[in-house]
Amino acid sequence: MPNMSLKKNEMPAQAPDVRNKNFKEVALGYTAETAVDEAKRCLNCKHKPCVGGCPVKIHIPDFIAKVAEGKFEEAYQIIQKSSSLPAVCGRVCPQETQCEQKCVRGVKGEPVAIGRLERFVADWHNEHSCDLPVKAQPNGHKVAVVGSGPAGLTCAGDLAKRGYDVTVFEALHLAGGVLVYGIPEFRLPKAIVQKEIDNLNALGVKVETNMVIGKVLSVDELMDEFAFEAVFIGSGAGLPRFMNIPGENLKDVYSANEFLTRVNLMKAYKEDARTPIAHAKKVAVVGGGNVAMDAARCAKRLGAEEVTIVYRRSEAELPARREEVEHAKEEGISFKLLTNPVRILEGENGFVGGMECVEMELGEPDASGRRSPVVKENSEFTMDVDCVIMAIGTSPNPLIKSTTKGLETQRWGGIIADENGQTSREGVFAGGDAVTGAATVILAMGAGKTAAEAIDEYIKNKK
Ligand SMILES: Cc1cc2nc3c(=O)[nH]c(=O)nc-3n(C[C@H](O)[C@H](O)[C@H](O)COP(=O)(O)OP(=O)(O)OC[C@H]3O[C@@H](n4cnc5c(N)ncnc54)[C@H](O)[C@@H]3O)c2cc1C
Ligand code: SF4
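Every residue gets a number counted from 1 within its own chain, in the order that chain's sequence is written. Chain letters start at A and ligand numbers start at 1, both assigned in the order the entries are written. In keeping with the model being predicted, local features are shown solely for residues with a pLDDT of at least 70 and side-chain atom pairs are shown and tallied solely at 80 or more, while totals for entire chains, interfaces and linings include all residues. Side-chain numbers come from the whole structure's heavy atoms, not from hydrogens or water.

### Points about the overall build of the protein chain
Step number 1: Counting from the N terminus, the helices are DSSP H or I runs at least four residues long and the strands are E runs at least two residues long. Helix and strand counts for the protein chain stand at 18 helices and 16 strands.
Step number 2: Taken along the three principal axes of its C-alpha coordinates, the protein chain extends 65 × 60 × 50 Å.
Step number 3: Throughout this description, buried means an accessible area under 20% of the type-specific maximum (1.4 Å probe, protein chains only), exposed means over 50%, and partly exposed covers the range between. When burial is assessed residue by residue, the protein chain has 53% of its 463 residues classed as buried.
Step number 4: Residues count as neighbours in contact if any of their non-hydrogen atoms are within 4.5 Å of one another. The contacts of the protein chain with a sequence gap of at least 6 include a subset with a gap of at least 24, amounting to 69%.
Step number 5: Of the accessible surface of the protein chain, which amounts to about 20,900 Å², a share of 51% is contributed by carbon and sulfur atoms.
Step number 6: Distance between charge centres in the protein chain, computed from 57 positive and 63 negative side chains, equals 3 Å. Residue exposure ignores everything except the shown protein chains as possible cover, and the areas themselves are Shrake-Rupley values with a 1.4 Å probe. The charge count includes Lys and Arg as positive and Asp and Glu as negative, but it does not include His or the ends of the chains. Note on charges: their place is set at NZ of Lys, CZ of Arg, CG of Asp or CD of Glu.

### Details of the packing of aromatic side chains
Step number 1: Each aromatic pair joins two rings of Phe, Tyr and Trp (for Trp, the six-membered one) with centres within 6.5 Å, and gets the label stacked for planes under 30 degrees apart, edge-to-face for over 60, and tilted for any other angle. What the rule picks out here adds up to seven aromatic pairs.
Step number 2: With centroids separated by 5.5 Å and ring planes inclined at 65°, the aromatic side chains of Phe-72 and Trp-124 adopt a geometry described as edge-to-face. A residue pair is termed long-range when its members are at least 10 positions apart, and Phe-72 in helix H5 (residues 72-82) and Trp-124 in helix H8 (residues 114-128) qualify at 52 residues.
Step number 3: With a relative accessible area of 9%, Phe-72 lands in the buried category.
Step number 4: Ring centres 5.8 Å apart and planes at 65° place the aromatic pair Phe-429 and Tyr-458 in the edge-to-face group. Note that Phe-429 is positioned in strand S16 (residues 428-430) and Tyr-458 in helix H18 (residues 441-462), a separation of 29 residues in sequence.

### Some details on the site of ligand 1
Step number 1: Around ligand 1 there are 34 residues in total, and Val-92, Glu-170, Arg-187, Ile-213 and Asp-433 lie nearest to it.
Step number 2: At 3.5 Å from an oxygen atom of ligand 1 is found a main-chain nitrogen or oxygen belonging to Gly-177.
Step number 3: Pairs of N or O atoms within 3.5 Å make up the polar contacts considered here, provided that, within protein, one atom can donate a hydrogen while the other can accept it, and that residues adjacent in sequence are counted only when both atoms are side-chain atoms. In this structure, Arg-187 approaches ligand 1 through a side-chain N or O atom, which is 2.8 Å from an oxygen atom.
Step number 4: Listing elements by their share of the shell around ligand 1, those giving two or more residues are helix H9 (150-161), helix H14 (290-301) and H18.
Step number 5: The leading source of residues in the shell around ligand 1 is H14, at three residues. Whether a residue is near a molecule or strand is decided by its heavy atoms; if any one of them lies within 4 Å of it, the residue is near.

### Here we look at the sheet that holds strand S4 (residues 230-233)
Step number 1: Across the sheet, which stays open at both edges, the five strands sit in the order S3-S2-S1-S4-S16 with parallel pairing between neighbours. Edge positions in the sheet fall to strand S3 (206-208) and S16, since each of these pairs with one other strand and no more. Going across the sheet, the axis of each strand differs from the next one's by a mean of 20°, ignoring polarity.
Step number 2: Two strands form a pair only when DSSP identifies at least two bridges running between them. The sheet contact formed by S4 and S16 spans three bridges and is parallel. Opposite Val-231, over in S16, you have Val-428 as the bridge partner. In this analysis, axes come from line fits to C-alpha atoms, helices being fitted only over the stretch in contact, and the angle between any two N-to-C directions falls in the range 0 to 180 degrees.

### A short note on the pairing of strand S11 (residues 352-365)
Step number 1: Note: strand S10 (residues 339-346) against S11, seven bridges, orientation antiparallel. Residue pairing for S11: Ile-344 is matched across the bridge by Met-355.
Step number 2: Linking S10 back to S11 in an antiparallel pair, the connection comprises five residues, with Asn-349 at a positive phi of about 55°.
Step number 3: Examined bridge by bridge, S11 and strand S13 (residues 381-383) share three bridges and lie antiparallel to one another. By the bridge assignment, Cys-357 is partnered in S13 with Phe-381.
Step number 4: Of the pairings in the sheet, the one linking S11 to strand S12 (residues 371-375) comprises four bridges and is antiparallel in character. Considered in S12, the bridge of Leu-362 is made with Pro-373.
Step number 5: Counted between consecutive antiparallel strands, the loop separating S11 from S12 contains five residues, among which Gly-369 sits at a positive phi close to 90°.

What follows is the structure in structure tokens.
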């Protein structure tokens, strides 16, 4: 008998006033009992609408049926065929706009908690199974991957499964891209990312860190001198944007990238960390996306008394996931909406002494259908802050474009690639944020997967 409860099983979590003082994971995950019970809510629909909502097409009802039978390892093997990073996706995918949005149980109540079940299955496997993935028979072909974020790692894993000799070149000292330097430990523990990377290493994927392609070696050199037959570029969109307002170069104005890299990659929140970070008291975070929520929640955990999100539109337009906004509010983050900074004020010794803002109101809808904010006359006011974090977006770094012959890009810097990831340069493929601009983990993985297939075709046809 299916479980006809209209609600998903709750996932236990740390209490807000406890978790806002530590960096441990907020959500604690299902137990075997709650997972089996939740899995019984799935109706195993004939047309599987949920699968259509998943960018990597996980066989959702099949894996959920195994969970319902208590066969967790079999459930993992089904997910693993389509996704290389299930413990990550179960945690950070916006399921509410993907698989769960399509779930028929969502018509009358809440959809099946597909993301929570995926997370449960991946964690169960990581805890209980010692089996390493089996290496494929080598096929004698070499492919290079630039960047070790979800796009690069997925492409590398899929190619290794087909027998390719794959090397990933990563600029930073640790692999994982945004999963290690951007998304905080309390949403995505880094040990989980490392475990997924170890699985890829076991498949034969080599990762070379501290390798900035475009500086240490160029894409042309990889192909001409090191005999890589194809290159996949998954270098992300890690170049922060600023507002270009006065005072942005004062001390303790950060880009969200720098702030989050210090906290997450360099572990600046730990007492014995060698990388310092400002422990500010009154922090303003400018922006309304997931990145802004992460930066605000990190600032709170570093001991700030007041953390305020400053966003120029209203609550309804906040681009962050609803769940992230709710979590931030529960943890004591304030929201100053319909507000825009115009100048950061200098305090003592070149540090931030305040921020001048204007109030905004929403005008007519623009071309994208969103109502654009307009400044209210004579609405200037000053916020008392000692640290400002800019989280207003990022774009792709121009380094690869400027050092790769014949690689065409959009005016804003995104690499131009067709639906298979093929760029204007033969043998060079691209995907993820480097192509789309800042998007999601699962879309980057989907692009890595599609490109792996296209690279396989390309190399087979070249013979
Ligand atoms: C703070 C934050 C929170 C987010 N939260 C979510 C979320 O909850 N859910 C979600 O789905 N998405 C989220 N995202 C978006 C998501 O993380 C990205 O869309 C995704 O990581 C893109 O993957 P990618 O592989 O294209 O690039 P990235 O993850 O950016 O990886 C690119 C890698 O390439 C490396 N690189 C760059 N240039 C070079 C070079 N020249 N040579 C060698 N290596 C290079 C970089 O160091 C990096 O490791 C978040 C992003 C941020 C910043
Ligand atoms: S749509 Fe929902 S109920 Fe139907 S198979 Fe998918 S997860 Fe199960």
